[in-house]
Amino acid sequence: MTTPPEPKGAPCVLLVDDDRDFLDQLALRFEREGYTVITAGNEKEAGERLAERLPDLAVVDLMMDQMDGGFTLAYRIKQLDPAIPVLLVTGVTAETGLEFSRDDRGQQAWIKADAVLAKPVRFEQIQRELERLGVRHV
Amino acid sequence: MSEPNVLRVLVADDEAGIRLGVRRALDGMRVPVEGYGDDFTFAVDLAADGEEARRKLDEERFDILLLDHSMPGRLGMEILEDLRGREGAPLTVMITAYASLDMAVRATKQGAFDFLAKPFTPDELEDVLEKASRHVVSDREARRLAKERRQVRFEFLSVLAHELKAPLGAVEGYLMLLEDGILAQDPEKTASVVGRCRERIGGMRKLIFDLLDLTRIESGTKQRQLGAVDVAVVVARVIETFTPEAERRGIELKTVLRGDTLMHADAGELEIILNNLVSNAVKYNRDAGTVTVRVDGGEPDRLGIAVSDTGIGMSPEETARLFGEFVRIRNEKTGGISGSGLGLSIVRRLARLCGGDVTVASAPDEGTTFTVTLDRDTAASEGGTP
């Protein structure tokens, strides 16, 4: 999708979601915070973006075309660089009643993400998670 | 839960001879019921008096009750009264010592299904039980269908709620961007956000209109305005509607007319059918593609309308699901395309209402053709189920 020019030193965030509106809204907010924003509408596109540039942070939707697209993508990002914080956002709880949590010890072992947030998610929640993870702000 | 083809029968009579006689007759009896492959058989339980019968009826579930009218203390009639309107109550056949009209009328008023006058022959017993079995089975079938309908309705409403929530959430998100001043300095971004909001609201409005169409067709409350209609005129009107969108994407809209295109039909219904098909043919086409609407009036009683595109096409798995409600084919190629997911479901219902049907032929990356065949006189087919 869009790859805006990179301001020097600006942190780069990769946003992945098949909900175009949520993706655009998140992109506008991150841009406003001074981030360089890279977006992808599915797992495949995200793979292509990752090949071009490694982001400093990723926010990934859990359920895209493939049921567990977000999990595998989070795993791939962590393989590329375990230091990149990955936030999973998911409407899966509202849609299926399944609950995921990073606080659950059993799930910590296999969810390769630093935080899991349930949709609808407000930007402030994402900011709070980033602060908690010690991600530097602009 | 008993086996499906075994009916549970309780025989309540204070005469031991009747109880044992009935049991013996029922043990080997097989009753055919129309629409079921296997015959029905009976599992028999006995009650020697009214109290025992009441207890068994409270504790277990029976399909049929053979109830002696003249047990001591007039318990027969009391039990019948108790069972009235009770959930899952058995079908009751009264056994009477004498067949009096007065008795029959009273028992029927109290909810008895039929009665048997003592002494009765095994043949008479079999006749009554055959009738009762048919009734029990059709009753069960009706209940099962009602349950299925409730389930379908529930699923429909769940998906509908989700489909309505999605655009609301999107618009709310954009409003919050505006509220938080995220776009304050950027008129271009603001315009794009407002445009997107209008798009989502437009989609939601389309969904609601489609839903109303669907509900009217399904409930049979849709007023049909039947009259002489030239399909060619309806096609021309629909083509005109989609011309701006097609031109933007360099898509050519073609019409091919053959034979007599006059029908006796509801022009509004034809327009809904064509609108949905042409809309899809444009939406799912490639840029610079072609949409062809063919009207084939070569036959005297039937008329065919085929809408073809040169677009992304579908796999056999996708076409198989296509006509269901809220089915939208989701893949990489359909990513940016919006729709209510009700259009083709409406097309199919309307085609059936007009005595016809709709079929689809498609190949991935080559294109799709929807073919609707209709009765030339759709009034004659009004009885059809949509």
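Before reading on, note that the structure itself is shown above.
Residues numbered from 1 in each chain as written. Chains lettered and ligands numbered in written order. Predicted model: local features only at pLDDT ≥ 70, side-chain atom pairs only at ≥ 80, totals over all residues.

**Student:** Just to check I follow, could you spell out the overall build of chain B for this structure?
**Tutor:** Along the backbone of chain B there are 10 helices and 12 strands. Expressed as a percentage of the 386 residues in chain B, the buried residues total 31%. Within chain B, counting contacts between residues at least 6 apart in sequence, those at least 24 apart form 68% of the total. (Helix = DSSP H or I, 4+ residues; strand = E, 2+ residues; numbered from the N terminus. Buried ≥ 20, exposed ≤ 12 C-beta atoms within 10 Å, placed from the backbone. Contact = placed C-beta atoms within 7 Å.)

**Student:** What is the right way to look at the sheet that holds strand β10 (residues 302–309) of chain B in this model?
**Tutor:** In a beta sheet, neighbouring strands are held together by backbone hydrogen bonds and run either parallel or antiparallel to one another. Residue and element names in this part refer to chain B. Reading across from one edge, β7-β9-β10-β12-β11 is the order of the five strands in this open sheet, with mixed pairing throughout. In this open sheet, the two strands that pair with only one neighbour each are β7 (252–259) and β11 (357–363). Ignoring strand direction, the axes of neighbouring strands in this sheet form an average angle of 10 degrees. Here β7 pairs with strand β9 (residues 290–297) via eight bridges, running parallel. (Pairing = 2+ DSSP bridges. Axes fitted to C-alpha atoms, helices over the stretch in contact; angles between N-to-C directions.)

**Student:** Whenever I open this one, helix α1 (residues 20–32) of chain A confuses me. Can you help?
**Tutor:** Residues spaced three or four apart along an α-helix point in a common direction, a consequence of the helix completing one turn every 3.6 residues. Residues and elements named next belong to chain A. Under the 1.5 Å per step criterion, the end-to-end length of α1 is 18 Å for 13 residues, consistent within 8% with the ideal 18 Å. Among the 13 residues in α1, 10 count as buried, and that is most of the element. Turning to α1, its buried residues number three or more, namely Asp21, Phe22, Leu23, Asp24, Gln25, Leu26, Ala27, Leu28, Arg29 and Phe30. The positive-phi residue at the C-terminal boundary of α1 is Gly34, with phi of around 95 degrees. (Expected span 1.5 Å × (residues − 1).)

**Student:** Could you clarify how one ought to interpret the environment of Leu117 of chain A in this entry?
**Tutor:** Residue and element names in this part refer to chain A. Inspection of the secondary structure puts Leu117 in strand β5 (residues 115–118). Look at Leu117 and you get buried, because 20 C-beta atoms sit within 10 Å. Residues Leu117 and Leu62, spaced 55 residues apart in sequence, show a C-alpha to C-alpha distance of 9.8 Å.

**Student:** Is there a simple way to think about the packing of α1 of chain A against helix α5 (residues 122–179) of chain B in this case?
**Tutor:** In helix packing, the relevant descriptors are the interaxial angle and the interaxial distance, both defined with respect to the helix axes. Axis separation between α1 of chain A and α5 of chain B bottoms out at 9 Å; the angle between their running directions is 15 degrees. Relative to α5 of chain B, the element α1 of chain A is oriented roughly parallel. Like other packed secondary-structure pairs, α1 of chain A and α5 of chain B cross with a definite hand, here left-handed. Taken together, the residues of α5 of chain B that come into contact with α1 of chain A (itself represented by Asp21, Phe22, Gln25 and Leu28 of chain A) are Ala170, Gly173, Tyr174 and Leu177 of chain B. Among the residues making up the contact of α1 of chain A with α5 of chain B, the classes are represented as five nonpolar, two polar and one charged. (Parallel < 35°, antiparallel > 145°, perpendicular 65-115°, else oblique. Left-handed = near helix turned anticlockwise from the far one by under 90°. Nonpolar A, V, L, I, M, F, W, Y, C, P; charged D, E, K, R; others polar.)

**Student:** In this structure, what is going on with the environment of Val137 of chain B? I would like to understand it.
**Tutor:** Residues and elements named next belong to chain B. Of note, Val137 is situated in helix α5. Along the chain, Val137 and Leu7 lie 130 residues apart, while their C-alpha atoms are 9.3 Å from each other. Contacts of Val137, omitting those with residues within four sequence positions, involve Val33 and Tyr36.

**Student:** What's the story with the nonpolar core in this structure? I'm lost.
**Tutor:** Within soluble globular proteins, side chains that are nonpolar tend to cluster in buried spots. All names here are of chain B. Core analysis: the largest hydrophobic core is formed by 39 residues, its most contacted members being Val231, Ile273, Val278 and Val291. Tallying contributions element by element places helix α8 (residues 267–283) first for this core, with eight residues. When near neighbours in sequence (up to four residues on either side) are disregarded, Val231 contacts Thr261, Met263, Leu270, Val295, Leu303 and Ile305. If you look at the next biggest cluster of nonpolar residues, it comprises 37 residues, including Val11, Leu26, Ile64 and Leu83. (Core = buried A, V, L, I, M, F, W, Y, C linked by C-beta atoms within 7 Å.)

**Student:** Help me understand helix α6 (residues 123–132) of chain A in this model?
**Tutor:** All names here are of chain A. Along α6, the residues that are buried comprise Ile126, Glu129 and Leu130. Along the axis of α6, the buried residues cluster in a sector spanning 100 degrees; they form a single face. Residues of α6 that are exposed and point more than 90 degrees away from the buried face comprise Glu124, Glu131 and Arg132. Buried residues in α6 make contact with β3 (57–61), β4 (86–90) and β5. (Arc of directions from axis to C-beta.)

**Student:** Please clarify how the packing of α8 of chain B against helix α10 (residues 343–353) of chain B should be interpreted in this entry.
**Tutor:** Residue and element names in this part refer to chain B. Running from N to C, α8 and α10 point in directions that differ by 145 degrees, and their axes come no closer than 9 Å. Crossing geometry of α8 relative to α10 is assigned as left-handed. Every residue of α10 that contacts α8 at Glu269, Ile272, Ile273, Asn276, Leu277, Ser279 and Asn280 is listed here: Gly343, Leu344, Ile346, Val347, Leu350 and Ala351. Residue composition of the contact of α8 with α10, grouped by class: eight nonpolar, four polar and one charged.

**Student:** I would appreciate a short explanation of unusual backbone geometry in the present structure.
**Tutor:** Here the residue pair Lys119 of chain A and Pro120 of chain A is connected by a cis peptide bond, since its omega of 0 degrees sits within 30 degrees of zero. Secondary-structure assignment places Pro120 of chain A in the loop between β5 and α6. Residue Pro119 of chain B is bonded to the preceding Lys118 of chain B through a cis peptide linkage, with omega at -10 degrees. The phi dihedral of Ala288 of chain B falls on the positive side, at around 65 degrees, and the residue is not glycine. One can find Ala288 of chain B in the loop between α8 and β9. In this model, Asp365 of chain B sits at a positive phi of 65 degrees, which is unusual for a non-glycine residue. You can call Asp365 of chain B exposed: it has 10 C-beta atoms within 10 Å.

**Student:** Would you explain the pairing of strand β12 (residues 367–375) of chain B in this entry?
**Tutor:** The side chains of a regular strand alternate, residue by residue, between the two faces of the sheet. Residues and elements named next belong to chain B. Of the pairings in the sheet, the one linking β10 to β12 comprises seven bridges and is antiparallel in character. Each residue of the ladder has a partner; that of Ser308, found in β12, is Thr369. The pairing of β11 with β12 spans seven bridges and is antiparallel. What sits directly across from Ala361, in β12, is Thr369. The turn linking β11 back onto β12 is made up of three residues, and Asp365 within it adopts a positive phi angle of 65 degrees.

**Student:** I'm lost on the sheet that holds strand β3 (residues 64–68) of chain B in this one. Help?
**Tutor:** All names here are of chain B. The sheet built from five strands is open, its strands ordered β2-β1-β3-β4-β5 with parallel pairing. The two strands at the open ends of the sheet, each matched to only one other strand, are β2 (41–47) and β5 (114–117). Across this sheet, the average inter-strand angle for adjacent strands is 20 degrees, counted without regard to direction. Where strand β4 (residues 91–96) meets β5, four bridges bridge the pair, whose relative direction is parallel. Paired with Thr96 across the strands is Ala117, a residue of β5.

**Student:** Is there a simple way to explain the environment of Val59 of chain A in this structure?
**Tutor:** All names here are of chain A. Structurally, the position occupied by Val59 is in strand β3. Residue Val59 is classed as buried on the basis of its 25 C-beta neighbours within 10 Å. Along the sequence, Val59 and Val116 sit 57 residues apart, while their C-alpha atoms lie 9.8 Å from each other. Among residues more than four places away in sequence, those in contact with Val59 are Val13, Leu15, Leu26, Leu87, Val89 and Ile126.

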